[in-house]
Amino acid sequence: MAWTVAAGTRLAGHTEAGVRLLAPVLALGTAAFVFRLTARLFDRVHAWLAVALLAVLPYLFFVGFLAFPDTPLVLCWAGAVYFLHRELIDRAPGAWLGVGVFLGLGLLAKYTVALLGLAAVLFTIVDPPSRSLWRTWRPYAALVVAALIFSPVWLWNMDHEWISFARQTTDRLASRFHFKLPTLMLFAAVHLTPLGLVGGWHAVRTWWRRRGTPEAAGTGPSGRPLSLALTLVAVPLAVVVLASFSRNTKFNWTGPMWLPLVPYVAGWMLLRLPGTAAGPRWRIGKHAARYAVGAFLVYAVGLYYLGVGLPGVPYARGLGTGWQGLGARLEALADERRASDGTRPLIVGLDGDSTPSWVAFYRYRAAPPAGREAAVAET
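Criteria and cut-off values
Residues numbered from 1 in each chain as written. Predicted model: local features only at pLDDT ≥ 70, side-chain atom pairs only at ≥ 80, totals over all residues. Heavy atoms only, no water. Helix = DSSP H or I, 4+ residues; strand = E, 2+ residues; numbered from the N terminus. Rg over C-alpha atoms; globule rule 2.2 N^0.38 Å. Buried < 20%, exposed > 50% of the residue type's maximum accessible area, 1.4 Å probe, protein only. Contact = heavy atoms within 4.5 Å. Areas by Shrake-Rupley, 256 points an atom, 1.4 Å probe, with all protein chains shown as cover. Lys, Arg positive; Asp, Glu negative; His and termini not counted. Charge placed at Lys NZ, Arg CZ, Asp CG, Glu CD. Salt bridge = Lys/Arg side-chain N within 4 Å of Asp/Glu carboxyl O.

Observations concerning the overall build of the protein chain
Regarding its fold elements, the protein chain presents 20 helices and 0 strands. Over its C-alpha atoms the protein chain spans a radius of gyration of 23 Å, differing by no more than 12% from the 21 Å that the globule rule assigns to 379 residues. Its C-alpha atoms give the protein chain principal-axis dimensions of about 85 × 50 × 45 Å. Among the 379 residues that make up the protein chain, the fraction classed as buried is 43%. Long-range contacts, defined here as pairs at least 24 residues apart, represent 68% of the contacts in the protein chain between residues at least 6 apart. For the protein chain, the accessible surface area stands at approximately 20400 Å², while carbon and sulfur atoms represent 68% of it. Put simply, the protein chain has 35 plus and 18 minus side-chain charges, and the middle of one group is 15 Å from the middle of the other.

Now the structure itself:
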């Protein structure tokens, strides 16, 4: 994400718009992969509905314009899912390269995407037609490509006592005990919304009813592609669920894991019951536009609250509000407390990395051009 922020600020300056400039571009890439996958599974009508779901589901809506590691992660997750389908189901030439590229880029964004690779390996073990792939060079070539793309992070960690790997493994295991499964389930429900929950349940029920049948072994939407999609969801989700039994969890952890289900939620919304002109599921699909309008109204109110505020509703602690004024005040305070030798005090954030990042960004904007680098270094 740092590279996209650097590119955006070079084009639009050190402003909020510059920081977030490339986030919508990455979101368009995510939408393109979801569209192409859904069109292969169903048709273009379903594909457009799947893209609309990306704009409505809360997590996927917010990663479309915010700048944080999940923004490129979602793009890479969608790309890896698409090319895994092309490789494991379609056996398309060159798909292995797409798998390697997007797994490698995903690892640069966030290590969580490794769970998607683990899910793909498990699918090739339990899916008989996929086992033969391990007798070819293709999966190994994909792993080599991913490793080469990820190698800068590996080399950097070698010179820095493996600090980022330790943060995501041993440091988390050494943290305090928290039973956060109910919180994780609540976060997942918010990510999926009622439409996603019911559509996902329909996909699981379809797979359960048709397992062991000739149709389940085929390449239709409810056959091996559905098994692959559920595997790509279930394996990463199982790891996060196990972690939530004893460690803290975060709102965004399960967000990208639902991407393989989006085409099947669209398929459920447009499912017409046999022998009926308009079954109950078909009616749900017809009312999806009302749901979308309602969701966007909620998002509009939320964004207005963040930007301007709502009368009688105070800001919650930890929100990124009021930082422009605070940055200017801290920069002025640092000048007032300048020592006789010209040095200024350090400004220290005590909550990890979010407060220092915000303060450094807005001190940079408040400082005169000659003192901007110093303002960042002193935070």
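The discussion continues.
So, the pattern of salt bridges
If you walk through the whole model with that rule in mind, you get 12 salt bridges. Here D90 ties to R86 by a salt bridge, and the two come within 2.9 Å at their closest N and O atoms. Linking D90 with R86, this pair stays in helix α6 (residues 70-90), spanning 4 residues, or about one helical turn. A relative accessible area of 18% means that R86 is categorised as buried. As a salt-bridge pair, R224 and D127 come within 2.7 Å of each other at their nearest N and O atoms. Taken together, the residues span a long stretch of sequence, with R224 in helix α14 (residues 224-244) and D127 in the loop between α8 (114-126) and α9 (128-131) at a distance of 97 residues. Residues R224 and D127 agree in their burial class; the two are buried. Connected through salt bridges with shared partners, the residues E331, D335, R338, R344, R363 and E378 form a single ionic network.

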